[in-house]
Amino acid sequence: MLAVASPRTDRRLDLALAAVVALAVMGPLLAPGFVLTYDMVFVPRARIGLDLLGVAPTLPRAVPTAFLAAAGSRVLGGEVVQKVVLLAIPFLATLGVARLVPSRSRAARAGAGLVYAWNPLMYERLLMGHWAFLLGAAVLPWVVGAAIRLRRRERGAGWALLLWTAGAAAANPYAGLLAAAVALAVALAPGSASPRAGRVAALVAGGAVAANLPWLVPAILGPAVPESPGVAVELFGARSDSPLGLVGSLASLGGLWRSDLAPPARDTLAWVPAFTLLVTLAAVGWRELGKRIGAGPRNGVVGAGLVGLLVAAAPRLPLLDGAAAWAAGTLPGGGILRDSQKFVLPLALALALGFGLGVEWLLDRAPGPRARRWAAALVPLLPIALAPTLVWGAGGRLFTSSFPPSWERARQIVHADPQRGGVLFLPWHQHLPFSWNRGRTVHEPASFTFDRPVLASSSLELGPHELPQEDPWARAADPLLRSPADLTGELSSLGIRHVVLAKEADWESYPPRLGEPWEVVLDGPDLRVYRGPPAAPVPRFPEPPAWAVLGADAVTVSLVLWAGGRAVALRRAAAGPGAGGPGPGTRRRGGTGRSGPPPAGGPPEPSSPATPRRP
């Protein structure tokens, strides 16, 4: 009989697993340069302004993430900030699930971590550049662990839940809402040792609101933004990308509306056997999960996953498609339903926890030590079959590029000009393929680069479809910039002092429209900068009051600091010799079988056994 590994050893192994996964996925992206793909834009030195906190006439889609990233770029440089973020995504995701799954089997923890950190959702969203959503997703397992402890009325669990929910919300509004919803489900789902629902609901809901205030307040107080919800739901709703159809594609954690970004061979049956075994083991593991953490938390995790699957599929399911379109166009905040694949995130967590315990169940039934060792080495790797090319920068589809020197020179020229006025970025497209980025399409970087107000297109173009301009300044300038009319006498009245023209796409149509008195002050191989006459003041548009937005930020930051202080104090008070050691009588077979589970986030509910019975 082998001795049980200590909790400290378990933690080190979890850290090593998370580090290996992070390097396996992001290794080549640590090379010098920036990863610029679709919505992922980092620049060497990002501008900072109140609009990044939500004091703007546009929707707070990146609040406060953009502000935090910009502040970090001023201290560490944008390149370092991006690499830290990219490494943190798979690292936190793997570590969080490995710590959450109630098992000391190394194979079980490795399998659970891989399901959550290595899947088509991660692959597709990385290629789309949705780093903020993925960073929030990486925090979700930690939110669930805190919610389980809160359900058990553990001391300090409420503070921990507030901290982790705030982390998810700071990364991305989608992640903040999903974290709040899953936490409520875990804390309140019916089952053994059900808590006092009213009190727990108030605690979880209150913490969720406080954590999400930085983007909730500007969203509520901000002006209405023109949208086409029906078109948006049709364009961004989940799509089938596999032989399993829409629901099967989503259940296997794919189904992005951009099916061309799906993992290679996704449209074949090659990965289906591995997925079938994964789901079978997850279903077996869910039964064991209820014994270890209690039926209530298990019902909450699995229930949230199934509801998320339904919401993700709704825009394209008969009878539910109309309801989804109505909700997106009628309910406050209903526009969040448009990119519906994101709602399978809770299912990814449910599958991960179930698969981990399913691996342990399978190992306990292996016919002998040799078979057990082979199973422990191979079965946890099943999730990789769903997205094998996630390795090494999505199989080379992600890479680093460097901004040409002309971008920094343009920033210096604009910054040195004592005259007021904004910057117009052309060509008039929100996303452009840049030749120095190997032709990969990316969101225009000018909005993040220049310290002055930047007028750029805020309309998303998808083939023949185009969504309305979200920014009212862009909406006012749109007719002029889309027409072939001369721009010489009109731009100054819009508050424009400089024009930054990237020599990409249809750029050659613009120089003939910029004559005297606009002069070229920089003409590089990839970028041209014009300076015009003194400009009128940059137009002002309705926006949320700064005092309300900054007040909400102050409330959230104060609560987070208080919660952090309380959590540290309680942790120190609870520390002592022998704390957290394995219970007597636990054992491990061959280092891979079941040794008695460490409870997820704390001791099991009163009605669940401290050590599960062997089958």
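Structural data are supplied above this passage.
Not measured: the values here are computed from a predicted model. (Residues numbered from 1 in each chain as written. Predicted model: local features only at pLDDT ≥ 70, side-chain atom pairs only at ≥ 80, totals over all residues. Heavy atoms only, no water.)

Caption draft 1: Up close: the nonpolar core. Counting residues in hydrophobic clusters, the biggest one holds 137 residues, and the most contacted among them are Y116 and F425. For this core, the element with the most residues is helix α6 (residues 131-151), which contributes 15 residues. In this structure Y116 touches A93, V97, A137, L140, P141, L345, A348, L349 and A352, once residues within four positions along its chain are discounted. In terms of nonpolar packing, the next biggest core, distinct from the first, is built from 20 residues, W428, L494, W507 and Y530 among them. (Core = buried A, V, L, I, M, F, W, Y, C linked by side-chain atoms within 4.5 Å. Buried < 20%, exposed > 50% of the residue type's maximum accessible area, 1.4 Å probe, protein only. Helix = DSSP H or I, 4+ residues; strand = E, 2+ residues; numbered from the N terminus. Contact = heavy atoms within 4.5 Å.)

Caption draft 2: Broad picture of the packing of helix α3 (residues 78-100) against helix α4 (residues 106-117). Interaxial distance between α3 and α4 falls to 8 Å at its minimum, and their mutual angle equals 140°. As far as their axial angle goes, α4 and α3 are oblique. As α3 packs across α4, the resulting crossing turns out to be right-handed. The residues of α4 that touch α3, namely those facing P90, A93, T94, V97 and A98, are R109, A112, G113, Y116 and A117. Class assignment of the residues belonging to the contact of α3 with α4 gives a composition of 7 nonpolar, 2 polar and 1 charged. (Axes fitted to C-alpha atoms, helices over the stretch in contact; angles between N-to-C directions. Parallel < 35°, antiparallel > 145°, perpendicular 65-115°, else oblique. Left-handed = near helix turned anticlockwise from the far one by under 90°. Nonpolar A, V, L, I, M, F, W, Y, C, P; charged D, E, K, R; others polar.)

Caption draft 3: Representation of the pairing of strand β7 (residues 496-502) in the model. Most of β7 sits inside the fold, with 7 of its 7 residues counted as buried. Judged from the 5 bridges that link them, strand β1 (residues 422-426) and β7 form a sheet pairing that is parallel. Residue F425 lies in a different strand from β7, and its bridge partner there is V500. As defined by bridge partners, β7 adjoins strand β9 (residues 527-531) across 5 bridges and the pair is classed as antiparallel. Within β9, the residue paired with V499 across the bridge is Y530. (Pairing = 2+ DSSP bridges.)

Caption draft 4: Structural detail: a nonpolar patch on the surface. Together, V75, L76, V80 and V84 make up a nonpolar patch on the protein surface, roughly 380 Å² of accessible area in all. Here L76 lies in the loop between α2 (65-75) and α3. We classify L76 as exposed; its relative accessible area is 53%. (Patch = residues over 30% accessible without salt bridge, like charges linked within 9 Å, V, L, I, M, F, W, Y side chains within 5 Å. Areas by Shrake-Rupley, 256 points an atom, 1.4 Å probe, with all protein chains shown as cover. Salt bridge = Lys/Arg side-chain N within 4 Å of Asp/Glu carboxyl O.)

Caption draft 5: Structural detail: the environment of L87. Relative to the helices and strands, L87 is located in helix α3. Under the relative-accessibility criterion, L87 is labelled partly exposed at 25%. Between the alpha carbons of L87 and L30 there is a distance of 8.8 Å; along the sequence they are 57 residues apart. Those residues in contact with L87 that lie beyond four places of it in its chain are A22, L23, M26 and L30.

Caption draft 6: Just empty space enclosed by the protein, in detail. Tallied over the full model, the rule gives 4 cavities of 30 Å³ or more. Its volume calculated, the largest cavity comes out at about 60 Å³. Every residue lining the largest cavity is listed: A93, Y116, N119, L121, M122, L134, A137, A138 and L345. Of all elements in the fold, only α5 (120-128) and α6 reach the threshold of two or more residues within the lining of the largest cavity. The biggest single contributor to the lining of the largest cavity is α6, with 3 residues. Grouping the amino acids of the lining of the largest cavity by side-chain chemistry returns 8 nonpolar, 1 polar and no charged. (1 Å grid on protein atoms, 1.4 Å probe; cavity = no way out; pocket = protein on both sides within 12 Å on 5 of 7 lines; lining within 4 Å. Points joined across faces, edges and corners; volume = space filled by probe spheres on them.)

Caption draft 7: Summary view of the sheet that holds strand β4 (residues 454-455). Taken together, 5 strands build an open sheet; the order of strands is β4-β1-β7-β9-β8 and the sheet is mixed. Because the sheet does not close on itself, it has two edges, and the strands there are β4 and β8 (519-523).

Caption draft 8: Summary view of the pairing of β1. Burial of β1 is extensive: 5 of the 5 residues sit out of reach of the surface. Where burial is concerned, the two faces of β1 agree: the one with G422, L424 and L426 and the one with V423 and F425 are both buried.

Caption draft 9: Representation of the packing of aromatic side chains in the model. Considering all chains together, one arrives at 14 aromatic pairs under this definition. Summarising the aromatic geometry, the rings of F403 and W436 are spaced 5.0 Å apart at their centres and angled 45° between planes, so their arrangement reads as tilted. Remark: W436 occurs in the loop between β2 (431-433) and β3 (441-443) and F403 occurs in the loop between α17 (391-395) and α18 (405-416); sequence separation between them is 33 residues. You can call F403 buried: its relative accessible area is 15%. On the accessibility criterion, W436 (16% relative accessible area) is buried. An aromatic cluster is present here, built from F34, F403, W407, F425, F434 and W436 joined pairwise through their rings. Geometry around F133 places R125 over its ring, the cationic atom sitting 5.9 Å from the centre. Above the face of the F133 ring, K342 is positioned so that its terminal group lies 5.2 Å from the ring centre. (Phe/Tyr/Trp six-rings, centres within 6.5 Å; stacked < 30°, edge-to-face > 60°. Lys NZ or Arg CZ within 6 Å of the ring centre and 35° of its normal.)

Caption draft 10: Geometry of the packing of helix α7 (residues 157-171) against helix α8 (residues 173-188). Relative to each other, α7 and α8 sit at 150°, their axes nearing to 7 Å. By the angle between their axes, α7 is roughly antiparallel relative to α8. Judged by residue contacts, L161, A168 and A169 of α7 engage P173, A175, G176, A179 and A183 from α8. Residue composition of the contact of α7 with α8, by class: 7 nonpolar, 1 polar and no charged.

Caption draft 11: Looking closely at a positive patch on the surface. A contiguous patch of positive charge on the surface is contributed by R8, R11, R12 and R571. Sorting elements by how many residues they give to the positive patch places helix α1 (residues 7-26) first, with 3 residues. By the element assignment, R8 lies in helix α1. (Lys, Arg positive; Asp, Glu negative; His and termini not counted. Charge placed at Lys NZ, Arg CZ, Asp CG, Glu CD.)

Caption draft 12: Region of interest: the pattern of salt bridges. For the structure shown, the criterion picks out 25 salt bridges. D241 serves as the salt-bridge partner of R266, at 3.1 Å between the closest nitrogen and oxygen. Placement of R266 in the loop between α11 (245-251) and α12 (272-293) and of D241 in the loop between α10 (229-236) and α11 is noted, with a sequence separation of 25 residues between them. What makes R266 buried here is its relative accessible area of 2%. For D241, a relative accessible area of 8% translates into the label buried. Measuring nitrogen to oxygen at the nearest pair gives 3.8 Å for the salt bridge that ties K342 to D339. Side by side, K342 and D339 carry an identical accessibility label, which is buried. Within the structure, one salt-bridge network assembled from shared partners comprises D10, D14, R99, R104 and R109.

Caption draft 13: Spotlight on unusual backbone geometry. Geometrically, the link from V63 to P64 is a cis peptide bond, its omega value of -5° lying close to zero. Mapped onto the elements of the fold, P64 is located in the loop between α1 and α2. For the bond running from L426 to P427, omega is 5°, close enough to zero to count as cis. Position of P427 among the secondary structure elements: in the loop between β1 and β2. Of note in the backbone geometry, A394 takes a positive phi value of approximately 55° without being a glycine. If you trace the backbone, A394 turns up in helix α17. Overall, A394 belongs to the buried group, its relative accessible area being 3%.

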